[in-house]
Amino acid sequence: MVRVIVKGRRWAAGRLLLLVLLMGAGLVCAGCGGDSGDAAEGGEGEATVAVTPPRPILRWMGPAFVRPVDREIAARCAEEVGMPIELLPAPANPLDRLGLYRQFLPAGSDDIDLIDFDVIWSGALARHLLDLGPHLSAEERGQYFPIYLENNSVGDALVGLPQMGDIGLLYYRTDLLEKYGYGGPPETWRELEEMAAAIQEGERAGNAAFWGYVWQGNVYEGLTVNALEWQASMGGELLVDADGRLAVDDGATERALDRAAAWVGVISPPEVTVFQEEDARAMFQNGNAAFMRNWPYAYGLGQAEDSPVRDLFGVTRLPKGDGPDGRHTSVVGGQQIGVSRYSRYPDAAADAARCLTDATAQRRRALADGTPPAIAALYEEAEVQARIGAAAQIAQSLAEHAVARPAARTGEHYTEISLIYFIEVNRVLTGEQDAARAVARIGDQVRAWVE
Ligand code: GLC
């Protein structure tokens, strides 16, 4: 007699029946594997088979990304992969989420398959993630903007696939540019400074709360983003160079920080040193700023029916430095999907990650809520262009001006390095220290992590 013990919560009756039939036909050998854990010999003529039933593919993600359209996309991919996909909301605060992943993954549990992560965690999570390279054809790999492949490649492994595009943009008031006689948005930081100052001076006559330029200066990751854009656009490196060496003392970081500090209280409000994305957006969208640095999400919100700046603003690439080594530079962001190396279903999970980030998925998301795709070809499609007002500018910056934070290069230590950097940069913006001292202090502290 064969007794079948089924462990776990879901087991399709049909599959159980099939298993019993196969056993009856001698096609499944119960108990013949000795003490293999899954099957153990019972008394004479009796065998106990412990079967772990299949469970859905489990995907951990930020709660803000568990939307109806994500469920719809997951349902399509579940059908394609042949297994259900369950979406599990992880903590909303990004650092709490990283903390959870960092506790859970090293334990090697097979109870999670897919992990959604911010671009900056590719290095920190890499040793727990599968190399997805072998699961993609050359064509599938080539559909994503190259910056995401660069950001998500750690050593030889491709540890994540992008679900969306995110990139720094310059927002500007078209009506005010016209009013003050400017033919177009600024190309360089010098032009931005001049235009912001002139427009601010003129607008202050009727609106004491008006400022020239708003951005993100709080003590957090968003300041790392802004400051890296300044220094790279002025000819500097992205904190750590391609060889993994600290690179802040080439003069560009110091120049960039001196320059941004001079904006505070002059063309940018003193509170910009505590601004995050939503603070800057509130000021710009209420009509109280001429220019803003922000991500693409602010475009759709600024165009909402009740927005005071609806149809009064445009977006373009961020300004470049004025000298010969100046270049337009935008830091890339966004959510990636990786597969846990300890997944119970690595192949199915890798197929799911590919499906969840494919052109069909990203087109669907773009049309549903205006999320920019990470796939260049989608920006050529008329319906995507009609849904995403800034499609052309987003695609241009992602293709031509995007740079990645040094996440892949700094491995486990990106979070610590960025923390040191944004604390020291913020102290320059608030006038607590000068840029030269910040560069020295960043060097002293970061060197321990990279060299
Ligand atoms: C956005 C970006 C993300 C970045 C964060 C900084 O969410 O997508 O990559 O780290 O902003 O505030």
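Engineer: I'm lost on the overall build of the protein in this one. Help?
Structural biologist: A count of helical and extended segments in the protein gives 19 helices and 19 strands. Of all 451 residues assigned to the protein, the portion counted as buried reaches 53%. The contacts of the protein with a sequence gap of at least 6 include a subset with a gap of at least 24, amounting to 73%. Accessible surface for the protein amounts to roughly 18,900 Å². Of this, 51% is attributable to carbon and sulfur atoms.

Engineer: For this particular structure, what's the right way to read the nonpolar core?
Structural biologist: Side chains of a nonpolar character, in soluble globular proteins, are inclined to be buried together. Counting residues in each nonpolar core, the largest one holds 101 residues, and the members touching the most others are Y101, Y171, Y213, W230 and F291. In terms of residue count, the dominant contributor to this core is helix α18 (residues 414-429) (8 residues). Taken domain by domain, this core gets at least three of its residues from each of domain 2 (56-166 + 333-403) and domain 3 (174-332 + 409-450).

Engineer: Any chance you could explain the site of the ligand here in plain terms?
Structural biologist: Taken together, D118, V119, D166, Y220, E221, G222, E277, W295, G333, G334 and R405 form the complete shell of residues around the ligand. In the environment of the ligand, an oxygen atom lies 3.3 Å from a nitrogen or oxygen atom belonging to the side chain of W295. Here the ligand, which alone exposes 310 Å², has 79% of that area covered by the protein. Its residues assigned to classes, the shell around the ligand shows 3 nonpolar, 3 polar and 5 charged.

Engineer: Can you help me understand the sheet that holds strand β4 (residues 57-61) in this one?
Structural biologist: For sheets, the rule is that strands pair by backbone hydrogen bonds, running either parallel or antiparallel. Overall, mixed pairing links the 5 strands, which are arranged β5-β4-β6-β18-β9 in an open sheet. Only two strands of the sheet have a single partner each, and these edge strands are β5 (85-89) and β9 (161-162). Here β9 runs beside strand β18 (residues 335-339); their pairing, made up of 2 bridges, is antiparallel. The residue bridging P162 from the neighbouring strand is Q336, located in β18. Packed onto the sheet, helix α13 (residues 346-356) meets β4, β5, β6 (114-118), β9 and β18 and runs at close to 160° relative to β18.

Engineer: Before we go on, may I ask you to explain the pattern of salt bridges in this structure?
Structural biologist: For side chains bearing opposite charge, pairing can occur when the charged atoms are close. A full pass over the atoms with the stated rule returns 27 salt bridges. The closest approach of N and O atoms between R363 and E381, which form a salt bridge, is 2.8 Å. You can see R363 sitting in helix α14 (residues 359-369) and its partner E381 sitting in the loop between α14 and α15 (382-387), a full 18 residues away along the chain. If you follow the salt bridges from partner to partner, you end up with R55, D110, D111, D113 and R344 in one network.

Engineer: Help me understand helix α8 (residues 189-204) in this model?
Structural biologist: In an α-helix, one turn spans 3.6 residues; hence positions three or four apart end up facing the same way. With 16 residues, α8 should reach 22 Å at 1.5 Å per residue; the first-to-last C-alpha distance of 22 Å fits that figure. All buried positions along α8 are accounted for by W189, L192, E193, M195, A196, I199, Q200 and E203. Looking at the packing, one finds that the buried side of α8 touches β11 (169-173), α7 (174-179), β12 (211-214), α9 (221-233), α10 (252-263) and β15 (289-294).

Engineer: What is the right way to look at helix α3 (residues 94-104) in this model?
Structural biologist: Residues of α3 that are buried include every one of R97, L98 and Y101, and no others. Viewed end-on, α3 has its buried residues packed into an arc of 100°, placing them on one side of the element. In α3, those exposed residues whose orientation departs by more than 90 degrees from the buried face are L95 and Q103. Contacts made by the buried residues of α3 are with β4, β6, α4 (122-125), β18 and α18. The distance from a side-chain oxygen at the start of α3 to the backbone nitrogen of L95 is 2.8 Å, and the residue carrying that oxygen is N93.

Engineer: Teacher, can you tell me more about the pairing of strand β16 (residues 313-316) here?
Structural biologist: Where a strand is regular, its side chains alternate between the two sheet faces. Of the two faces of β16, both are covered, the one formed by F313 and V315 as well as the one formed by G314 and T316. As judged from the 4 bridges shared by β11 and β16, these two strands associate in the antiparallel manner. In the sheet register, L170 faces β16, and the bridge partner there is T316.

Engineer: What am I meant to see in the packing of α9 against α18 here?
Structural biologist: Any two packed helices are characterised by how steeply their axes cross, that is the angle between the axes, and by the distance between the axes. Where α9 meets α18, the axes come as close as 9 Å, and the angle between the chain directions of the two elements is 75°. Between α9 and α18, the interaxial angle falls into the category roughly perpendicular. Two secondary-structure elements touch here, α9 through E221, L223, T224, A227, L228, W230 and Q231 and α18 through Y414, S418, Y421, F422, V425, N426 and L429. Residues that form the contact of α9 with α18 fall into these classes: 9 nonpolar, 4 polar and 1 charged.

Engineer: How should I be thinking about the environment of E432 in this particular structure?
Structural biologist: Along the chain, the position of E432 falls in the loop between α18 and α19 (435-450). Within the structure, the side chain of E432 is placed 3.0 Å from the side chain of T430, a separation counted as a polar contact.

Engineer: Help me out: how do you make sense of unusual backbone geometry in this one?
Structural biologist: With the exception of glycine, the majority of residues adopt a negative phi angle, and the majority of peptide bonds are in the trans configuration. Phi is positive for L239, which is not a glycine, with a value near 75°. With respect to the helices and strands, L239 occurs in strand β13 (residues 239-240). Under the relative-accessibility criterion, L239 is labelled buried at 1%. Its identity as a non-glycine residue notwithstanding, D311 has a phi of 65°, on the positive side. On the secondary structure map, D311 appears in the loop between α12 (297-302) and β16. For D311, a relative accessible area of 54% corresponds to the exposed category.

What counts and what doesn't
Residues numbered from 1 in each chain as written. Predicted model: local features only at pLDDT ≥ 70, side-chain atom pairs only at ≥ 80, totals over all residues. Heavy atoms only, no water. Helix = DSSP H or I, 4+ residues; strand = E, 2+ residues; numbered from the N terminus. Buried < 20%, exposed > 50% of the residue type's maximum accessible area, 1.4 Å probe, protein only. Contact = heavy atoms within 4.5 Å. Areas by Shrake-Rupley, 256 points an atom, 1.4 Å probe, with all protein chains shown as cover. Core = buried A, V, L, I, M, F, W, Y, C linked by side-chain atoms within 4.5 Å. Domains from an automatic or database assignment. Near = heavy atom within 4 Å. Polar contact = N/O pair within 3.5 Å; in protein donor to acceptor, adjacent residues only side chain to side chain. Nonpolar A, V, L, I, M, F, W, Y, C, P; charged D, E, K, R; others polar. Pairing = 2+ DSSP bridges. Axes fitted to C-alpha atoms, helices over the stretch in contact; angles between N-to-C directions. Salt bridge = Lys/Arg side-chain N within 4 Å of Asp/Glu carboxyl O. Expected span 1.5 Å × (residues − 1). Arc of directions from axis to C-beta. Parallel < 35°, antiparallel > 145°, perpendicular 65-115°, else oblique.

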